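Analysis of the macromolecular model
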Amino acid sequence: MSRISIDSTYLDPFFNEEEVSYLEPLANIANKEMLLAHKGPGSDYHGWINLPKDYDKEEYARIVSSAEKLADKIDVLLVIGIGGSYLGTRAAMHALSDSFSDSLTREERGTPQLIFAGTQLSARYHHQLLQYLEDKRFAINMISKSGTTTEPALAFRLFRKELEKRHGEDGARDLIIATTDKQRGKLYELAVEKGYERFVVPDDVGGRYSVLTAVGLFPLAVAGIDTDAILEGAQEALKDAELPFEANEMLQYAAMRHALYQRGKSIELLVSYDPRFQYIAEWWKQLYGESEGKDNKALYPASAQFTADLHSLGQYIQEGRRHLFETVLLESETSYDLSIEKIAGNPDGLNYLEGKDMFYVNEKAAEGVSSAHRDGSVPNILLRMPELDARTLGYLFYFFMRSCGVSAYMLGVNPFDQPGVEAYKSNMFKLLGKPGV
Ligand code: PA5
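These lines cover the structure that appears in this document, whether it is placed above or below. (Residues numbered from 1 in each chain as written. Predicted model: local features only at pLDDT ≥ 70, side-chain atom pairs only at ≥ 80, totals over all residues. Heavy atoms only, no water.)

1. What to know about the overall build of the chain
Short version of the rule: Runs of E in the DSSP output that reach at least two residues are strands. Runs of H or I that reach at least four are helices, and both are numbered from the N terminus. Computation of the radius of gyration draws on C-alpha atoms alone. For the globule rule, the value is 2.2 Å times the number of residues to the power 0.38. Here's how the labels work: a residue is buried when its accessible area is under 20% of the maximum for its type, exposed when over 50%, partly exposed in between, all with a 1.4 Å probe on protein chains only. Throughout, a residue-residue contact means that at least one pair of heavy atoms, one from each residue, lies within 4.5 Å. In this description, accessible areas are obtained by the Shrake-Rupley approach with a 1.4 Å probe, and a residue is regarded as covered only by the protein chains that are shown. Counting rule for charge: Lys and Arg are taken as positive, Asp and Glu as negative, and neither His nor the chain ends is counted. For charged residues, the charge sits on one atom: NZ in Lys, CZ in Arg, CG in Asp, CD in Glu.
Tallying secondary structure elements over the chain gives 17 helices and 10 strands in all. Against the compact-globule benchmark of 22 Å for 437 residues, the chain has a radius of gyration of 23 Å, which places it among compact chains. Principal-axis analysis of the C-alpha atoms gives the chain an extent of 65 × 65 × 45 Å. In the chain, which comprises 437 residues, the share counted as buried stands at 53%. A fraction of 79% describes how many contacts in the chain between residues 6 or more apart in sequence connect residues 24 or more apart. Surface accessibility of the chain: about 20,200 Å² in total, with carbon and sulfur atoms responsible for 50%. Distance between charge centres in the chain, computed from 47 positive and 64 negative side chains, equals 6 Å.

2. Digging into the site of the ligand
Condition: Whether a residue is near a molecule or strand depends on its heavy atoms: if one lies within 4 Å, it is near. In the analysis that follows, any N or O atom pair within 3.5 Å is treated as a polar contact, provided that within protein one partner can donate a hydrogen and the other can accept it, and provided that, for residues neighboring in sequence, both atoms belong to side chains. Using a grid of 1 Å spacing that covers the protein atoms alone, one calls a set of points a cavity when a 1.4 Å probe fits there but cannot get out, and a pocket when the set is open and has protein on both sides within 12 Å along at least five of seven lines; lining residues are those with an atom within 4 Å of a point. Occupancy of a cavity or pocket is assigned to a molecule whenever over half of its atoms lie within 2 Å of that pocket's grid points.
Ser-85, Ser-144, Ser-146, Thr-149 and Gln-286 are the nearest of the 13 residues found near the ligand. Interatomic distance of 2.9 Å between a backbone N/O atom of Arg-208 and an oxygen atom of the ligand. Burial of the ligand by the surrounding chains reaches 88%, relative to a free accessible area of 380 Å². Of the pockets mapped on this structure, the ligand occupies the largest pocket.

3. Topic: the pattern of salt bridges
Just so we agree on the cut-off: By definition here, a salt bridge exists when the distance from a side-chain nitrogen of Lys or Arg to a carboxyl oxygen of Asp or Glu is within 4 Å.
One pass over the full model with this rule turns up 24 salt bridges. A salt bridge links Arg-62 to Glu-197; the shortest N-O distance between them is 2.9 Å. With Arg-62 in helix α4 (residues 57-73) and Glu-197 in strand β6 (residues 197-200), this pair connects stretches of sequence that are 135 residues apart. Put simply, Arg-374 and Asp-375 hold a salt bridge, and the shortest N to O gap is 3.8 Å. Residues joined by salt bridges that share partners form a network here, namely Arg-3, Glu-232, Glu-236 and Arg-391.

4. Some thoughts on helix α11 (residues 227-240)
Test applied: Take the number of residues in a helix, subtract one, and multiply by 1.5 Å to get its expected span.
Taking 1.5 Å of rise per residue, the 14 residues of α11 would be expected to cover 20 Å, and the 20 Å separating its terminal C-alpha atoms lies within 8% of that figure. Of the residues making up α11, those classed as buried are Thr-227, Ala-229, Ile-230, Leu-231, Gly-233, Ala-234, Ala-237, Leu-238 and Asp-240. The inward-facing, buried residues of α11 contact α3 (51-54), α4, α5 (87-96), α10 (214-222), α12 (249-262) and α16 (390-411). For α11, the N-terminal capping position is held by Asp-226, with its side-chain oxygen 3.3 Å away from the main-chain nitrogen of Asp-228.

5. With respect to the packing of aromatic side chains
To be explicit about the condition: Planes of paired rings set the category: under 30 degrees apart is stacked, over 60 is edge-to-face and the rest tilted, where pairs are Phe, Tyr or Trp rings (Trp by its six-membered ring) whose centres lie within 6.5 Å. Charge over a ring is defined by NZ of Lys or CZ of Arg lying within 6 Å of the ring centre and within 35 degrees of the ring normal.
Taken as a whole and judged by the stated rule, the model has 18 aromatic pairs. With a centroid separation of 5.0 Å and an interplanar angle of 40 degrees, the aromatic rings of Phe-199 and Phe-218 are classed as tilted. Note that Phe-199 is positioned in strand β6 and Phe-218 in helix α10, a separation of 19 residues in sequence. Connected via pairs of aromatic rings, a cluster forms that spans Trp-48, Tyr-209, Tyr-398, Tyr-409 and Phe-416. The residue whose ring lies beneath Lys-136 is Tyr-132, and the NZ or CZ to ring-centre distance is 3.9 Å. The ring of Phe-429 is capped by Lys-434, whose NZ or CZ atom sits 4.1 Å from the centre of that ring.

6. Things to note about the layout of surface pockets
Spelled out, the test is: Grid points are joined across faces, edges and corners, and a volume is the space filled by probe spheres set on the points. Here the term charged refers only to Asp, Glu, Lys and Arg, the term nonpolar to Ala, Val, Leu, Ile, Met, Phe, Trp, Tyr, Cys and Pro, and the term polar to all other amino acids, Gly among them. Per the annotation, domain bounds derive from an automatic or database assignment of domains.
Space inside the largest pocket adds up to approximately 1,500 Å³. Forming the walls of the largest pocket are 50 residues, and the residues nearest its centre are Ser-144, Ser-146, Gly-147, Thr-148 and Thr-149. Of all the elements in the fold, those that place two or more residues in the lining of the largest pocket are β4 (138-143), α8 (150-173), α9 (186-194), α13 (278-292) and α17 (422-432). Residues that form the lining of the largest pocket fall into these classes: 17 nonpolar, 17 polar and 16 charged. Counting residues domain by domain, the lining of the largest pocket receives three or more from each of domain 1 (5-39 + 231-420) and domain 2 (51-225). The volume enclosed by the second largest pocket comes to roughly 1,200 Å³. Residue lining of the second largest pocket: 41 residues in total, with Tyr-273, Asp-274, Pro-275, Glu-331 and Asn-362 positioned closest to the centre. Within the residue set of the lining of the second largest pocket, elements represented by two or more residues are α5, β9 (324-331), α15 (358-375) and β10 (380-385). Counted by class, the lining of the second largest pocket contains 21 nonpolar, 10 polar and 10 charged residues. Counting the residues that make up the lining of the second largest pocket, at least three belong to each of domain 1 (5-39 + 231-420) and domain 2 (51-225).

7. Digging into the sheet that holds β10
Rules: Paired strands are those between which DSSP finds at least two bridges. The axes used here are C-alpha line fits, helices contributing only the stretch in contact, and every angle between their N-to-C directions lies in the interval 0 to 180 degrees.
Pairing is mixed across the open sheet formed by 5 strands, whose spatial order is β1-β10-β9-β7-β8. The open sheet has two edge strands with one neighbour each: β1 (5-7) and β8 (300-305). Averaged over all pairs of adjacent strands, the angle between their axes in this sheet comes to 25 degrees, without regard to strand direction. For strand β7 (residues 267-272) and β8, the ladder comprises 6 bridges, and the chain directions are parallel. When the sheet's bridge partners are listed, Ile-267 is paired in β8 with Tyr-300. Strands β1, β7, β9 and β10 of the sheet are contacted by α12, whose axis makes an angle of about 35 degrees with β1. Running at roughly 175 degrees to β8, α13 makes contact with β7 and β8 of the sheet.

Right, dumping it as structure tokens:
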């Protein structure tokens, strides 16, 4: 049984198993011929497929040892990057850290804090970040595959200047790590010129498929996350990806969402019942949005955090326009049981829950919601997994990347380009007066 399994209980009235099995040949072609035999468009970017086992072991050893050395010297690691160059790190960090770790001191936490910059162009955010860093020892991991993306490049300029002001060019050199292309690009050139430690975003791995490279692994290792376990989870998923369709949840997930799209659904809402999934949803939205949203096609990837959003979006989901379905991420257990005790007089009317725990109540909420939403014509695909630890997260990352590659090929689009991202950039550059634009 694979680590993530599909429960189709709440898909029942919308399509039957047979309908998904009609898509089996298409899913198999997308998987075997287009992805694995590298015949699909964008095959120059298939490097992520076998990465969990074929990663650069020598570089990984350097990632772990450099991370350990750096962690001892700093309070904060500033991770500068945007899109695929930061979302996976943020997702893992948020999912695997204590909910309140940001309010702990460096000593209490035991590891440096990760802070993200260059993910937008807010003057307020970056100004306040400079202030926040005033009394902190910080280093920079500048991450950009192309080396030219405006948002992170601008933030890098700002915070590099601050490091150089404090430590001089020589001192700053030991506190800046560049993760970029192996041999080209502005960041590569700058890193070589200044002598920064460098890690590589492989040529054949695009940004949104890069979480299992140095892009994600180095900052996570600095923050004390178990990157070995993340890689092991991804290896397990890679093995499961070889299973035939009937036992392969990655292919089935791709086929199910394709079937729902064909039936006229246009929005997929990724839903979870614990805030730790919040940035996993952000990473997932980029993965599917950039991989599939082209040629005027594809499901719009959206997300909701339950039960909080049941008190905001819940009404729409239950009774608004019937153009969505939900994919629900469910943990089957928790290490954090909070038992509910009886109170004399039952002032809040909750004594009927005596002896139950909060996780149980959350599970019942999920069950009740899926059944109500199904009754409201919102199909639910449930993805069940063990408690989300580093290994399961590694599995989940690979699960979604592999399904996404298959799903995009089933849809007939190139999963590995993003031509639409250029339009805003050229307008912005014209307005800013960039030479040559
Ligand atoms: O998935 C992608 O390719 C993009 O989202 C990129 O990750 C993002 O645009 C950042 O690009 P770069 O790493 O070149 O700065």
